[in-house]
Amino acid sequence: MKLSFRYAIAAIVMAGALFLLSPTLMPEDINLPGASRISLGLDLKGGVQLTLGVDTEKAVQSALINSGQVLRQKAREAGITVLGPRQMPGGVQELIIARANQVDAFLALAKKDAPQVVPGTPRTGSDGAVHLPYSFTPAFVKQTQDLAVDQVLRTISSRIDQFGVAEPDIRKQQGDRILIQLPGLTNVNRAVQLVEKSADLSFHLVRDDISQGYLPPGVAFYPMTGKHGEATNAKLALDSTPLLSGKEVADARPGFDNKNTSMVSLSFTPRGAALFEMATGEHVGKRLAIVLDGTIHSAPVIQEKIAGGTASISGQFTPEEAQDLAISLRSGSLAAPVHVLEQRTVGPALGEASITSGILAALIGTLAVMIIMPLRYGWSGMLANGMLLCTLSLLMGGMAALGATLTLPGIAGVVLTIGMAVDANVLIFERIREELALGLTPPKAIKAGFERANLSIVDSNLTTIIVAAILYQFGTGPVRGFAVTLTLGIIASMFSAIFLSVIASVCAAGTSGVPGGSLMLIPLACGLFGIDQDTAMQVVAVGFIISVLQDSTETGLNSSSDVLFTIAACYRADRIRAEQEAAKNNCGNN
């Protein structure tokens, strides 16, 4: 690759990294368009960590009921009388076929329209009806469980996004578990209520004609909340099959009623509005229970058919509870119940201490490397230090670009990157030393050193990236944070060592192919040493002419040693000229 292209790519990459990193270095009230800050993890910023368990068996049972209802509807369309589904002891679902001569027709229908359903052994009841238990295939059970966890993950993510937590970390773990990290949040109880609430909303018809005794099939008792939302012993008999479910809710907003009491107003989808209007029109004068997560919040009397697709839920909510309920209803109900397995709170003070110790470790490691490298490799070590700073800039810029979260193990990955970043330079420098010992000129030694060391650098770093990828795939939060910073650090160090170091080495050694390429360093160095600029530029001009006439990158004033020799010559010429002028002045005075 030509050096001109290398210069352009290096400039673009470094400028992009600095642009992406700049918001993190600026005060929080200054925001740049198109750039974001590096997020701090729970262990650095403080907050709440929850581990949730998903009850996937409940999801399978719900899917069984839904499949039974679908089969019942299909059978009705085919002229087959089917009752149910009904849950039996042991979690078994069954359908009841009223006529025994329709069993074969129903089995053929189930095989065609519901291949995931496995019918059990039918039994004939005393009334002549056939009771048919059914279940799912093992493959469909596994698919339903995985889908339930994924849906719960999406629903909880939507709730937390609407809750307003910045940079939440929500991911699925093995064993039907979900890990939630909420940096900056300290109200554990509210977080638990928000993620645990199933938000399973349904509208049921109240069966006031049934006493507390015998319950016919399809009817169940539901508990009621008190006037102030507390649990009570009161129960109402409701139809188990809802007239309308919460899936038809298009929007939910907190508000206040005419008594200035908190409530949640609902807006239905067009299909839900039509169903709600039909249901209220058919049951005027009866009570309609609003059931949320298996508890009756209110059961008003239907005075007339309700059109317009709106409703409201009241129940002595606080404004905060009404807001959380609206968030839960907007994001949808959970596909399966969840329960908190572990909860942990990290205080901000612990986060500040972690940041301080992490930054201190990174600074000590950086200073140690930057001191040892020049002592061991001289000016080449200074070049390696420059590449180290470029690597850190690329690493942090990459984290900002990917929206990665910096955790305490991530800081450990940064410290490890500091040591690994100079490792590539050490390989290159040692290889160049070997080539120089074989008698090659500095330009050829640099070229051979980079070419022969690159293969070892790429091989060693690729194996480390593979390990980091495995850590990210199978690790949890802290391990993933370490894997992210380690991977980005390796990529940045490879770019700096293989790409940027070539440019810096070529410029320093004057092997860029431009005659007298490193002569540009002479005037600056002469100024630092206090040498007269006129004398320096005269020597530079002579050296440049020699380089052009020789047309070679290996001779003339094109290497660092030639530069130092020229500076020394300039310094000597400047001293002689000063002595001659002083002698001339002394003669004139005499």
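Provided above is the structure to which this section pertains.
In short, a report on the structure. Predicted, not measured: the structure shown is a model, and the values here were computed from it. (Residues numbered from 1 in each chain as written. Predicted model: local features only at pLDDT ≥ 70, side-chain atom pairs only at ≥ 80, totals over all residues. Heavy atoms only, no water.)

**Quick word on the pairing of strand β10 (residues 201-205)**
So the rule is basically this: The buried label goes to any residue with under 20% of its type's maximum accessible area, the exposed label to any with over 50%, and the partly exposed label to all in between, with areas taken from a 1.4 Å probe on protein chains only. By the criteria applied, helices consist of DSSP H or I runs no shorter than four residues and strands consist of E runs no shorter than two, each listed in order from the N terminus. Strands are labelled as partners when DSSP assigns at least two bridges between them.
The buried fraction of β10 is high, at 5 of 5 residues. In terms of strand pairing, β10 meets strand β16 (residues 288-292) through 5 bridges, oriented antiparallel. Each bridged residue has a counterpart across the sheet, and for Phe-203 the counterpart in β16 is Ile-290. Bridge analysis of β10 against strand β13 (residues 244-245) gives 2 bridges, and the strand direction is antiparallel. Among the inter-strand pairings, Phe-203 is bridged to a residue of β13, identified as Leu-244.

**Quick look at the packing of aromatic side chains**
Using the following cut-off: Only Phe, Tyr and Trp rings take part, Trp by its six-membered ring, and two of them pair if their centres are within 6.5 Å. Stacked means planes under 30 degrees apart, edge-to-face means over 60, and tilted covers everything else.
As enumerated under the stated definition, the model contains 4 aromatic pairs in all. Considering the side-chain rings of Phe-136 and Phe-140, the 4.7 Å spacing of their centres and the 65° angle between planes classify their relative orientation as edge-to-face. For the pair Phe-203 and Phe-276, a centre-to-centre distance of 5.7 Å together with 65° between the ring planes defines the contact as edge-to-face. A residue pair is termed long-range when its members are at least 10 positions apart, and Phe-203 in strand β10 and Phe-276 in helix α7 (residues 270-282) qualify at 73 residues. Looking at Phe-203, the relative accessible area reads 1%, which means it is buried. Residue class for Phe-276 comes out buried when judged on its relative accessible area of 5%. An aromatic cluster is built from Phe-203, Phe-268 and Phe-276, whose rings are joined through pairwise contacts.

**Re the sheet that holds strand β19 (residues 338-346)**
Paired through backbone hydrogen bonds, the strands of a sheet run either parallel or antiparallel to each other. Note the following rule: Only the contacting stretch of a helix is used when fitting its axis, a line to C-alpha atoms as for every element, and angles between N-to-C directions run 0 to 180 degrees.
One open sheet holds the 4 strands; their spatial order is β8-β9-β2-β19, and the pairing between them is antiparallel. Pairing within the sheet leaves two strands with one partner each, and these edge strands are β8 (169-173) and β19. Ignoring strand direction, the axes of neighbouring strands in this sheet form an average angle of 15°. Looking at chain direction, β8 and strand β9 (residues 177-183) are connected through 5 bridges and run antiparallel. Among the inter-strand pairings, Gln-173 is bridged to a residue of β9, identified as Arg-177.

Bear in mind that shape data such as this cannot, by itself, settle questions of function.
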